[in-house]
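One letter stands for each residue in the lines below.
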Amino acid sequence: MTTLFSGYRLGELALPNRVVMAPMTRVRAAAGGLATPSMARYYAQRATAGLIVTEGVQPSLIGQSNPGTPGLYTDEQVAAWRPVTDAVHTNGGRIFAQIMHGGRVSHPDTMGLQPVGPSAVPAVGEVFTPNGPQSAPTPRALDTTEVPEHAHSYADAARRAVDAGFDGVELHGANGYLISQFLSSNANLRTDGYGGSVTNRIRFAVEAATATAEAIGAERTGIRLSPGGPFWGIEETDVAELYTALLTELSRLGLAYIHLEATTDEETLLGLRRTWPGTLVMNPVLPMGPKQTGPADADHWLGLGADLISFGRAFIANPDLVERLRTGLPIAPADDSAYFEGGDKGYLTYSAYQYSA
C-alpha cells in the first residue's frame, strides 16, 4: 500500500518519502537577490522532506515580484546559493529551485522598471513594495518579438540553478504570475500567436518548459499550475479544456513532474490526472486558505492517484514535519505575522518536537 512514507523514484533522485516541501515566499534574501546563511540553515533543517522546492526565485531583474526575494541571473547569486544546496545535501536532502517570473505582479519601486505582462491589464489588488503595499501598476504589454526572451529566461535561470548545485527546477506557472497570465482569458488579451485561442494561450508555458528541459534535462524540470485559481484577478473561463491541452503538450517533453494546486473542482483535477502520464505532485489545500494540508488530505490524494504530496505552511513551524506526520505528533502552528517580516524570527526560531523527560 502506498503511503506518504513510501519511497519514490523521481528521475535520477531516490526520494525516501512522498512529502514535498512546497514553495513559499519568505523574503529573507539579501540585497542583490543573494541567498544568505540563514536561508541555508532554514532549508537544511527541512531536508528530511522527500523533495524541497524553494521559494520563488526570479530569473531576471524584470522578473522580480516582491522585495527581499532571491535571484538566479548573476554569478554572485549562483555563488550565494551554493552554501544552501550544499547544506541541504549534507543533511541528506534534495532541492529544486522554483523559477518565478512575476510579470505584472510587481512594481517599479521594487525593481526600478515598469512590470511587463502579456497585455496592458493591471493585476487586481495591492503588491508588496519596499515602501509598503501599493496598487498594482499597469504593465507594459510585451511585443511579440520580446516574448521568447522571457520564455527562455526560465531556461537561463535553470542553467544557473544547476551550477549552484540544485537537483532541478520547478517553473512557477501558477498563482497569477507570468506563465499564469499568458494562460488567462482576462490578463491575456493578445491577438498574436500568444493569445486568443487555447492553443495560443498555452504557447508561452510550453515554450518556457521546452527551453528549460533542453537546457538542463526534462528529468530535472517540473512545473506548478493552479487550474482556475483566481489569484491577482486572474480568470480562466475554460479550465478543463485549457489545462487538458497544456498537459497534453507538456507530456511530450517527459518532464519530472506536474505540481497541481487544488484550485478547481475534484472532477476536473482527476481528469487532468488521467491526461498526465507522469509524476503528479498534489497540493491539496489552497495557498493562504483557512486550513493547512494534513495527513487525511495527503491520504485522500494518494488514493486518487497522486504520487507526491506537497505541504506548505505546515513546514514553516515544523522543520521535522516528516517525523511528526510519521508518528502522529502535533503539528505546531506558525506565526503568520512573521511570514514576510524578514530576519530570523519566525524563520529559524522553530525547532523539532521536544519530548517530555
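Here the structure is a predicted model, which means the values were calculated and not measured.

## Some thoughts on the packing of helix 7 (residues 203–216) against helix 8 (residues 239–250)
Packing of helix 7 against helix 8 leaves a shortest axis separation of 10 Å and a crossing angle of 20 degrees. Between helix 7 and helix 8, the interaxial angle falls into the category roughly parallel. Handedness of the crossing formed by helix 7 with helix 8: right-handed. Contacts between helix 7 and helix 8 involve Ala205, Val206 and Ala209 from the former and Leu246, Glu249 and Leu250 from the latter. In terms of residue class, the contact of helix 7 with helix 8 is built from five nonpolar, no polar and one charged.

## Quick word on the pairing of strand 12 (residues 257–261)
Judged by how many residues are buried, strand 12 sits mostly within the fold: five of five residues are covered. The two faces of strand 12 match: Tyr257, His259 and Glu261 on one face and Ile258 and Leu260 on the other face are all buried. Taking the sense of rotation as the criterion, the β-α-β connection linking strand 11 (residues 221–225), helix 8 and strand 12 turns out right-handed. Relative to strand 13 (residues 280–283), strand 12 runs parallel, the two being bridged by four bridges.

## Overview of helix 2 (residues 75–90)
Between its first and last C-alpha atoms helix 2 spans 23 Å; for 16 residues at 1.5 Å apiece the expected length is 22 Å, and the two agree. The largest bend along helix 2 reaches roughly 25 degrees and is located at Trp81, with the proline Pro83 sitting one to four residues downstream. Residues Gln77, Val78, Ala80, Trp81, Val84, Thr85 and Val88 constitute the buried set of helix 2. Against helix 1 (37–45), strand 4 (51–57), strand 5 (95–99) and helix 4 (147–163) lie the buried residues of helix 2. In the segment just after helix 2, Gly92 is the residue with positive phi, at about 85 degrees.

## Digging into empty space enclosed by the protein
Inspection of the entire model under this criterion finds one cavity of 30 Å³ or more. Taken as a whole, the largest cavity holds about 30 Å³ of empty space. What lines the largest cavity is Gly56, Gln58, Gly63, Gln64, Ser65, Asn66, Thr69 and Met100. For the lining of the largest cavity, a count of residues per class yields one nonpolar, seven polar and no charged.

## Let's talk about helix 9 (residues 266–275)
Every buried residue of helix 9 is accounted for by Thr268, Leu269, Gly271, Leu272 and Arg273. In this structure, the buried residues of helix 9 make contact with helix 8, strand 12, strand 13 and helix 10 (295–303). With a side-chain oxygen lying 3.3 Å from the backbone nitrogen of Glu267, the N-terminal cap of helix 9 falls on Asp265.

## Comments concerning the sheet that holds strand 5
An order of 3-4-5-10-11-12-13-14 is seen for the eight strands of this closed barrel, with the pairing classed as parallel. Put simply, the sheet's adjacent strands are angled 25 degrees from each other on average, direction ignored.

## Here we look at unusual backbone geometry
Its identity is not glycine, yet Asn175 carries a phi of approximately 60 degrees, on the positive side. Accessibility expressed as a relative area gives 11% for Asn175, which makes it buried. The backbone of Trp232 sits at a positive phi, close to 55 degrees, despite the residue not being glycine. For Trp232, the location among the structural elements is in the loop between strand 11 and helix 8. Note on Trp232: relative accessible area 22%, which makes it partly exposed.

## Quick notes on the pattern of salt bridges
One pass over the full model with this rule turns up ten salt bridges. A salt bridge links Glu249 to Arg252, with the nearest nitrogen and oxygen atoms 3.3 Å apart. Exposure remark for Glu249: the relative accessible area of 30% places this residue in the partly exposed category. According to the relative accessible area criterion, Arg252 is exposed, its value standing at 60%. Arg324 serves as the salt-bridge partner of Asp320, at 2.7 Å between the closest nitrogen and oxygen.

## Some thoughts on the nonpolar core
One finds Leu72 and Leu250 to be the most contacted residues of the largest nonpolar core, which totals 86 residues. With seven residues, helix 7 is the largest single contributor of residues to this core. The next biggest cluster of nonpolar side chains, apart from the first, holds twelve residues, and it includes Tyr8, Leu15, Val20 and Leu51.

## A few points about the packing of helix 1 against helix 2
For the pair helix 1 and helix 2, interaxial distance at closest approach is 8 Å and the crossing angle is 25 degrees. Judged by the inter-axis angle, helix 1 sits roughly parallel to helix 2. The two elements helix 1 and helix 2 meet at a crossing, and its hand is right-handed. Touching Met39, Ala40, Tyr43 and Ala44 of helix 1 are Trp81, Pro83, Val84, Ala87 and Val88, all from helix 2. Along the lines of polarity and charge, the residues of the contact of helix 1 with helix 2 split into nine nonpolar, no polar and no charged.

## A look at the environment of Ile223
Inspection of the secondary structure puts Ile223 in strand 11. On the accessibility criterion, Ile223 (0% relative accessible area) is buried. It is 20 Å that separates the C-alpha atoms of Ile223 and Glu266, two residues lying 43 residues apart in sequence.

Cut-off values and rules
Residues numbered from 1 in each chain as written. Predicted model: local features only at pLDDT ≥ 70, side-chain atom pairs only at ≥ 80, totals over all residues. Heavy atoms only, no water. Axes fitted to C-alpha atoms, helices over the stretch in contact; angles between N-to-C directions. Helix = DSSP H or I, 4+ residues; strand = E, 2+ residues; numbered from the N terminus. Parallel < 35°, antiparallel > 145°, perpendicular 65-115°, else oblique. Left-handed = near helix turned anticlockwise from the far one by under 90°. Contact = heavy atoms within 4.5 Å. Nonpolar A, V, L, I, M, F, W, Y, C, P; charged D, E, K, R; others polar. Buried < 20%, exposed > 50% of the residue type's maximum accessible area, 1.4 Å probe, protein only. Right-handed = clockwise from strand over helix to strand, strands pointing away. Pairing = 2+ DSSP bridges. Expected span 1.5 Å × (residues − 1). Bend = angle between axes of the 7 residues up to and from the residue. 1 Å grid on protein atoms, 1.4 Å probe; cavity = no way out; pocket = protein on both sides within 12 Å on 5 of 7 lines; lining within 4 Å. Points joined across faces, edges and corners; volume = space filled by probe spheres on them. Polar contact = N/O pair within 3.5 Å; in protein donor to acceptor, adjacent residues only side chain to side chain. Salt bridge = Lys/Arg side-chain N within 4 Å of Asp/Glu carboxyl O. Core = buried A, V, L, I, M, F, W, Y, C linked by side-chain atoms within 4.5 Å.

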